[in-house]
Amino acid sequence: MNFTSKLKETATSVVPVIAIVLVLAFTVAPIGAMLIIRFVIGGVLLIFGLAAFLLGVDIGIQPIGEQTGAALTSKKNVFLLLAVSFAIGFLVTVAEPDIQVFGDQIHSVFNAVEKMRLVFMIAFGVGVFIVFGLLRTVLHLPIKIVLLIFYAVIFGVAFLAPASFRGIAFDSGGATTGPMTVPFILSLGVGVAAVRSKRGKSDDDDTFGLTGITSMGPILAVLLYGVILLKSGASLEAAVSSAESASEVGLNVFIKLIPVVAKEATLSIAPLVVMLIVFQFTLLKLPPHQIIRMAVGLVWSYIGLTIFLIGVNGGFMSAGRELGGILGQKASQEGGMWIVLLIFTGLLLGAVVVCAEPAVWVLTDQVENLSGGTIKRKFMLSFLAVGAAVAVGLALWRTFQNFSIMKILVPGYAIALFLMIFSPSLFTAIAFDSGGVASGPITSTFILSFAIGASQGCGGNGDSFGVIALVAMTPLIAIQLLGIVYNAKKKRSGKISEKSEVKNGCV
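Residues numbered from 1 in each chain as written. Predicted model: local features only at pLDDT ≥ 70, side-chain atom pairs only at ≥ 80, totals over all residues. Heavy atoms only, no water.

Secondary structure assignment for the chain yields 20 helices and zero strands. Pairs at least 24 residues apart make up 86% of the contacts formed inside the chain by residues separated by at least 6 positions. Of the accessible surface of the chain, which amounts to about 19900 Å², a share of 69% is contributed by carbon and sulfur atoms. (Helix = DSSP H or I, 4+ residues; strand = E, 2+ residues; numbered from the N terminus. Contact = heavy atoms within 4.5 Å. Areas by Shrake-Rupley, 256 points an atom, 1.4 Å probe, with all protein chains shown as cover.)

See below:
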């Protein structure tokens, strides 16, 4: 896939958000001319940076995952497979752009949370649960049982963690499964499942489910981190930043960010370079042309990650927080139509982001093919859009009502886990994989920033976290419901076919 097609994909995701912001900024929520310019420049940089990054993932990072997964499995050494997979999961997560941005946002609200310590905890959780996910594939354990056990543990720990960390923890599960991590995890899982399939030991649902299992790791790790901070007596009070400061920064912010972001990108990509070199000499031993192609992919990823982070930090997130702050403040002070406008903006952003997310189109096409055309892409896309819109709307409603995120997450996940009884295993695996697909880079950057701004604008205390978690929870319910519908239609068509055969036989 070339750069132009990637550019079209990312532009499709970002341009609708830019349009919505500009309409609001020039009408009901003026954020200042300078911040508008910075926002547009940041959006353009985000489009080009993410396109370059995704191209690098396609030609460099994803093939590394597939080759490594296949090579490790063919060695027939389970310990080696799990040890190397843990290292891969850890390193790839540290390089994930969504996690870098997410860590900055958490630190900006909770000063006691150190960004890199949080990132390393999330990466550790990913590494551990990749091991669990691959063990499930190797041992062919039922995915429904694995999900049920681990989510029971997660919710048990959640009630021991500080209330302010619960939304952050569940957000981290969605933020982790971003444009770097998802392709790598999927390709690793495909590589393992492909080798098992050649030996006649793999089912279709072995190919799916690894991302869904992996996303539980960051949730549990961050909850445990919150418990540790609570025991240490660290202050977990939210810090309210000045909204006006965002509009006072000039265009030179982009220039100032270059050395800082370049260093961050280097620290993120360098471990992958080292990993490729080590694997080439010890495990892969690929021909030179493949290594050169992978190296070029890593260069593309580095350039893209740098541009992406400059755009996000230079104006894209600042405008989102400022816009949310203005609408949140007016809604808090004047109520009435301003509350409606804030909630409606959230609904619109949620629907637009999901519909524009390229990975969602891939997912809907995948389900349509698996169902033999029984479940249409348009129907599923509408289902996901409505769910994401409601999720963002609920997250913004929390900023006024100030109720615990667990009042939404507990019944939501209870429904998702209950539906596993009736949903086909393949659809359950796809559903839990797709939670991270719905919560893509725009959700982790702009929508979370918008929610944080709205919370601070109406005097909230860090209760904006949880919006990514709610968006990620939607597909768990939606796709399993579609799986149940598919199963019912399949059985009905089977009965009709049987009746037709009997009738023809009688004739």
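Moving on, there is more to tell.
Another aspect to go through is helix α19 (residues 441-457). The terminal C-alpha atoms of α19 lie 24 Å apart, and with 17 residues this matches the ideal 24 Å at 1.5 Å per residue to within 8%. At Ile-447, α19 is deflected by roughly 30 degrees, the largest bend along its length. Burial runs high along α19: 16 of the 17 residues are buried. Within two residues after α19, Gly-459 carries a phi angle of roughly 80 degrees, on the positive side. (Expected span 1.5 Å × (residues − 1). Bend = angle between axes of the 7 residues up to and from the residue. Buried < 20%, exposed > 50% of the residue type's maximum accessible area, 1.4 Å probe, protein only.)

Remark: helix α2 (residues 33-74) packs on helix α3 (residues 78-94), axes separated minimally by 9 Å, with the N-to-C direction vectors making an angle of 160 degrees. Between α2 and α3, the angle falls in the class roughly antiparallel. Considering only the axes of α2 and α3, their crossing is right-handed. Contacts between α2 and α3 involve Thr-68, Leu-72 and Thr-73 on the former and, on the latter, Leu-80, Leu-81, Val-84, Ser-85 and Ile-88. Its residues assigned to classes, the contact of α2 with α3 shows five nonpolar, three polar and no charged. (Axes fitted to C-alpha atoms, helices over the stretch in contact; angles between N-to-C directions. Parallel < 35°, antiparallel > 145°, perpendicular 65-115°, else oblique. Left-handed = near helix turned anticlockwise from the far one by under 90°. Nonpolar A, V, L, I, M, F, W, Y, C, P; charged D, E, K, R; others polar.)

The next thing to look at is the packing of aromatic side chains. Aromatic rings in a pair are described by how distant their centres are and how their planes are angled relative to each other. Applying the stated criterion to the full structure yields 20 aromatic pairs. Taken together, a centroid distance of 6.4 Å and an interplanar angle of 35 degrees make the contact between Phe-3 and Phe-48 tilted. Of this pair, Phe-3 sits in helix α1 (residues 3-25) while Phe-48 sits in helix α2; the two residues are 45 residues apart in sequence, bridging distant segments of the chain. Phe-3 sits in the partly exposed class, given a relative accessible area of 24%. Here the aromatic residues Tyr-151, Phe-155, Phe-170, Tyr-413 and Phe-432 are joined through ring pairs into a cluster of three or more. (Phe/Tyr/Trp six-rings, centres within 6.5 Å; stacked < 30°, edge-to-face > 60°.)

Moving on, we get to the side chain of Thr-445. With respect to the secondary-structure elements, Thr-445 resides in helix α19. Classification of Thr-445 by relative accessible area gives buried; the value is 0%.

Here we take up a nonpolar patch on the surface. Taken together, the side chains of Met-34, Ile-37, Ile-41 and Leu-251 make up a nonpolar region of the molecular surface, amounting to roughly 290 Å² of accessible area. Along the chain, Ile-41 falls in helix α2. (Patch = residues over 30% accessible without salt bridge, like charges linked within 9 Å, V, L, I, M, F, W, Y side chains within 5 Å. Salt bridge = Lys/Arg side-chain N within 4 Å of Asp/Glu carboxyl O.)

Under the defined criterion, the tally for this structure stands at five salt bridges. For Lys-6, the salt bridge identified is with Glu-9, shortest N-O distance 4.0 Å. Of this pair, Lys-6 and Glu-9 are both found in helix α1, three residues apart, which corresponds to roughly one turn of the helix. For Glu-9, a relative accessible area of 25% gives the class partly exposed. Between Asp-58 and Lys-6 there is a salt bridge; the shortest N-O distance is 2.8 Å. Placement of Asp-58 in helix α2 and of Lys-6 in helix α1 is noted, with a sequence separation of 52 residues between them.

This next bit is on the nonpolar core. Core analysis: the largest hydrophobic core is formed by 152 residues, its most contacted members being Tyr-151, Phe-170, Leu-409, Phe-432 and Phe-446. Not counting the four nearest positions on each side in its chain, Tyr-151 is found in contact with Met-216, Tyr-413, Leu-417 and Phe-432. (Core = buried A, V, L, I, M, F, W, Y, C linked by side-chain atoms within 4.5 Å.)

This part is about helix α11 (residues 216-232). With 17 residues, α11 ought to run about 24 Å at 1.5 Å a step, and its terminal C-alpha atoms sit 25 Å apart, in line with that. Where burial is concerned, most of α11 is hidden: twelve out of the 17 residues are buried. Turning to α11, its buried residues are Met-216, Gly-217, Pro-218, Ile-219, Leu-220, Ala-221, Val-222, Leu-223, Tyr-225, Gly-226, Val-227 and Leu-229. Lining the buried residues of α11 we find α5 (115-139), α6 (143-158), α7 (163-176) and α10 (210-214). Once α11 finishes, Gly-233 follows within two positions and takes phi at roughly 85 degrees, a positive value.

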